[in-house]
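Understanding the architecture of this molecule
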Amino acid sequence: MSRAWLLGIGLAFAACLNIEEAEPRTEAGGGTGGGGAAQSDAGPDVVSGGSWNADSSLEAAVEAASDAAVDTSGGGGCSPDNPLLLDDFGSPDGPLGSAWTGDVGSFAVQGGQLRHTKAGLDDRILNSKKLCAKQTASVRLMKVDPSSGLVGVMFAATSNKDCNLIQVGHSGAQNGISVAKCWNGKWSTHMSTPWPVFDGDRIEARLTEAGLLTVLVNAEVVGSVNVGTFPPSQPGIALFAAGTGVVLDDFKGG
């Protein structure tokens, strides 16, 4: 009888211990240490206003993470050393989206690419992305026009698509790379270099704060030229004396 009695006392004592350990995990205050009352007192000190909202806390965390991502990209969101894909032209066939301005009526999205649908002496479109003084723009020439004056990218210092800009691209007529600048109504040529460009090649222009412009084809440097200091700009696509056979894709800027 004495052994059974002792065994019963031991089981009851163990059950009490299990209940005490389980209680902090099941209290409304949550947490596993310190007790519910202590955590309730600490709440207003940790969270201003004495309340905690899961949705608002998550939203704040997302905003903080977004701000951190922008800060680490350099230049308030600019990424000239690793330009972002601004348009892959993957939208349904039809007109360009609202991110583009300028001669949008001369272009259309067809089959996931940008096509020049209306030949003109000057056709330029600007993307809404605002770059920094150190800036990069590039585009793939999916179908080269062998008789074009220029097909490539541009930096527009103002909303005027016809001047206050630098345009860089392939000249089919010259079978080379051309760089031209228009400022205050006056055009000047800064580069005209023989360089073969084929279907699918990428034209890229990199401009520094000091005005040094470097042109690349498929990441290979064609040459560099000083075009003078230039303000933060909108990147864009520039065509001069180009036909309707021109096809472009994967526009980047940073």
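Right, let's walk through the structure included here.

What counts and what doesn't
Residues numbered from 1 in each chain as written. Predicted model: local features only at pLDDT ≥ 70, side-chain atom pairs only at ≥ 80, totals over all residues. Heavy atoms only, no water. Phe/Tyr/Trp six-rings, centres within 6.5 Å; stacked < 30°, edge-to-face > 60°. Lys NZ or Arg CZ within 6 Å of the ring centre and 35° of its normal. 1 Å grid on protein atoms, 1.4 Å probe; cavity = no way out; pocket = protein on both sides within 12 Å on 5 of 7 lines; lining within 4 Å. Points joined across faces, edges and corners; volume = space filled by probe spheres on them. Helix = DSSP H or I, 4+ residues; strand = E, 2+ residues; numbered from the N terminus. Core = buried A, V, L, I, M, F, W, Y, C linked by side-chain atoms within 4.5 Å. Buried < 20%, exposed > 50% of the residue type's maximum accessible area, 1.4 Å probe, protein only. Disulfide = S-S within 2.5 Å. Contact = heavy atoms within 4.5 Å. Salt bridge = Lys/Arg side-chain N within 4 Å of Asp/Glu carboxyl O. Polar contact = N/O pair within 3.5 Å; in protein donor to acceptor, adjacent residues only side chain to side chain.

For the structure shown, the criterion picks out three aromatic pairs. By the ring-pair criterion, three or more aromatic residues cluster together here, those being Phe89, Trp100 and Phe251. The cationic tip of Lys181 hangs over the ring face of Trp183; the distance from NZ or CZ to the ring centre is 6.0 Å.

What follows covers the layout of surface pockets. As a volume, the largest pocket reaches approximately 230 Å³. Lining the largest pocket are 14 residues, with Gly149, Gln167, Ser178, Ala180 and Phe240 positioned closest to its centre. Within the residue set of the lining of the largest pocket, elements represented by two or more residues are β5 (120-127), β8 (165-171), β9 (176-183) and β10 (186-194). Counting residues per element, the lining of the largest pocket draws most heavily on β10, at four residues.

Judged by nonpolar contacts, the single largest core of 38 residues is most densely connected at Ile177, Leu213 and Ile237. Core analysis: the second largest hydrophobic core is formed by six residues, Leu126, Leu150, Leu165 and Ala238 among them.

So, on to unusual backbone geometry. You will see that Phe89, though not glycine, has its phi angle at about 55°, which is positive. Position of Phe89 relative to the elements: it lies in the loop between β1 (84-87) and β2 (100-102). Judged by relative accessible area, Phe89 falls into the buried class, the value being 1%.

Looking now at the state of the cysteines. Overall, the coordinates contain two disulfides when judged by the stated rule. Across the disulfide, Cys163 is cross-linked to Cys182 (sulfur-sulfur distance 2.1 Å). Its S-S torsion of approximately -90° makes the covalent link between Cys163 and Cys182 left-handed. Within this pair, whereas Cys163 is found in the loop between β7 (150-156) and β8, its partner Cys182 is found in strand β9, the two being separated by 19 residues in sequence. Judged on exposure class, the residue Cys163 and its partner Cys182 are both buried. Each bonded cysteine in the protein gets a number by its place in the sequence, and the pairs come out as 1-2, 3-4.

As a further point, take the environment of Thr158. Mapped onto the fold, Thr158 is located in the loop between β7 and β8. Setting aside its immediate chain neighbours within four residues, Thr158 contacts Leu126, Cys163 and Asn164.

Now for the pattern of salt bridges. Counted according to the given criterion, the structure contains nine salt bridges. Asp81 is paired through a salt bridge with Arg206; the nearest N and O atoms lie 3.9 Å apart. With Asp81 in the loop between α3 (54-73) and β1 and Arg206 in strand β11 (residues 201-207), this pair connects stretches of sequence that are 125 residues apart. With relative accessibility at 25%, the residue Arg206 sits in the partly exposed group. Of the charged contacts, one joins Arg140 and Asp250 as a salt bridge, the two residues approaching to 3.8 Å between their closest N and O atoms. With a gap of 110 residues between them, Arg140 in strand β6 (residues 135-143) and Asp250 in strand β15 (residues 247-253) connect regions that are remote in the sequence. On the accessibility criterion, Arg140 (27% relative accessible area) is partly exposed. Look at the salt bridges and you will find they share partners, linking Asp103, Asp122, Arg124, Lys161 and Asp162 into a network.

Okay, the environment of Leu213 next. Residue position: Leu213 is located in strand β12 (residues 212-217). Each C-alpha atom of the pair Leu213 and Gly228 lies 8.9 Å from the other, and the pair is 15 residues apart in sequence. Here Leu213 is in contact with Phe155, Ile166, Val168, Val179, Ala205, Arg206, Leu207, Gly223, Ser224, Val225 and Val227, once residues within four sequence places are set aside.

Tracing the backbone through its elements, the reader meets Gln135 in strand β6. Overall, Gln135 belongs to the buried group, its relative accessible area being 0%. Within polar-contact distance, the side chain of Gln135 engages the backbone nitrogen of Ser233 at 3.2 Å. Ignoring sequence-local partners within four residues, the contact set of Gln135 consists of Pro80, Phe155, Ala205, Arg206, Leu207, Phe230, Pro231, Pro232, Ser233 and Gly254.

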